[in-house]
Amino acid sequence: MSSMRRGQTGFTLLEVMVVCVIIAILAAIALPSFASQGRKAKGDAEVSAFVTELKLREEHYQLEKGNFLATGASESDMFPPGNPTGPHRTIPTYPASWTALKVRLGATRALCTYVVQTGTPTSGTVGPMATTFGMAVGSKNWFYILARCNLDDDPTSFSWYFTSSTSSTIQKLNHGK
């Protein structure tokens, strides 16, 4: 009998089960992280495109008119309207402020909602989200762009993106939420 066992090779059922358990544990750890990275990448890509376009249009508007143009009355007056939910939403007809800025996005769907707030050294209010990101009124005309995204389909938490006329950096809060 012992001479027969010497020629046999392979794994025992116990060894195979241990390997399967290890693979399952690694997958349980890696998959949520992988999904989170995918959500972050989708949000970052969209926000980058929208912010680049809005910044460019604000700069052109200021050259033509001498001031920046707010796209909403407050930080909560975002476009597309309403809370961002679910997968990409169809972008409706641009509001008058976006049309006045001559916004030209190739996108027809959006994950996020956007608003531009503006002011001068002596007028304009920095909203609570902009204050969270450290925005302060400067010595010249200013604007900031705020994006709110629902990247994880949880209606109670949002990813926030922020940039301003004084910085080329896009700051993030609750990235991937």
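Residues numbered from 1 in each chain as written. Predicted model: local features only at pLDDT ≥ 70, side-chain atom pairs only at ≥ 80, totals over all residues. Heavy atoms only, no water.

### Section: the overall build of the chain
Secondary structure assignment for the chain yields 4 helices and 6 strands. Listing each helix as α and each strand as β along the chain from the N terminus yields α-α-β-α-β-β-α-β-β-β. Projected onto its principal axes, the C-alpha positions of the chain cover 95 × 30 × 30 Å. The buried share of the chain, reckoned over its 177 residues, is 35%. In the chain, the share of contacts with a sequence separation of at least 24, taken over all contacts with a separation of at least 6, comes to 60%. For the chain, the exposed area adds up to about 10,400 Å²; of that, 61% sits on carbon and sulfur atoms. Charge-centre separation for the chain: the mean point of 16 positive side chains lies 6 Å from the mean point of 12 negative side chains. (Helix = DSSP H or I, 4+ residues; strand = E, 2+ residues; numbered from the N terminus. Buried < 20%, exposed > 50% of the residue type's maximum accessible area, 1.4 Å probe, protein only. Contact = heavy atoms within 4.5 Å. Areas by Shrake-Rupley, 256 points an atom, 1.4 Å probe, with all protein chains shown as cover. Lys, Arg positive; Asp, Glu negative; His and termini not counted. Charge placed at Lys NZ, Arg CZ, Asp CG, Glu CD.)

### Quick notes on the state of the cysteines
Counting across every chain of the model gives 1 disulfide. The disulfide partner of Cys-112 is Cys-149, and the S-S distance across this bridge is 1.9 Å. Around the S-S axis, the bridge from Cys-112 to Cys-149 shows a dihedral of about 105° and counts as right-handed. Here Cys-149 lies in strand β4 (residues 142–149) and Cys-112 lies in strand β3 (residues 112–119), a separation of 37 residues in the sequence. Accessibility classification places Cys-112 together with Cys-149 in one group, the buried group. (Disulfide = S-S within 2.5 Å.)

### A word on the nonpolar core
Nonpolar side chains tend to gather and get buried jointly when the protein is soluble and globular. With 24 residues, the main nonpolar core has Val-47, Phe-50, Leu-54, Trp-98 and Tyr-114 as its most contacted residues. The greatest single-element share of this core, amounting to 5 residues, is contributed by helix α2 (residues 13–65). With near-sequence residues (within four places) excluded, Val-47 lies in contact with Cys-112, Tyr-114, Ala-147, Cys-149, Tyr-161 and Ile-170. If you look at the next biggest cluster of nonpolar residues, it comprises 13 residues, including Val-126, Ala-130, Met-135 and Phe-158. (Core = buried A, V, L, I, M, F, W, Y, C linked by side-chain atoms within 4.5 Å.)

### Things to note about the environment of Thr-132
Structurally, Thr-132 is set in helix α4 (residues 128–132). Linking Thr-132 and Pro-155, residues 23 residues apart in sequence, is a C-alpha distance of 21 Å.

### Concerning the packing of aromatic side chains
Tallying each qualifying case throughout the model produces 8 aromatic pairs. Connected via pairs of aromatic rings, a cluster forms that spans Phe-133, Trp-142, Tyr-144 and Phe-162. Sitting over the ring of Phe-158, Arg-148 keeps its end group 5.5 Å from the ring centre. (Phe/Tyr/Trp six-rings, centres within 6.5 Å; stacked < 30°, edge-to-face > 60°. Lys NZ or Arg CZ within 6 Å of the ring centre and 35° of its normal.)

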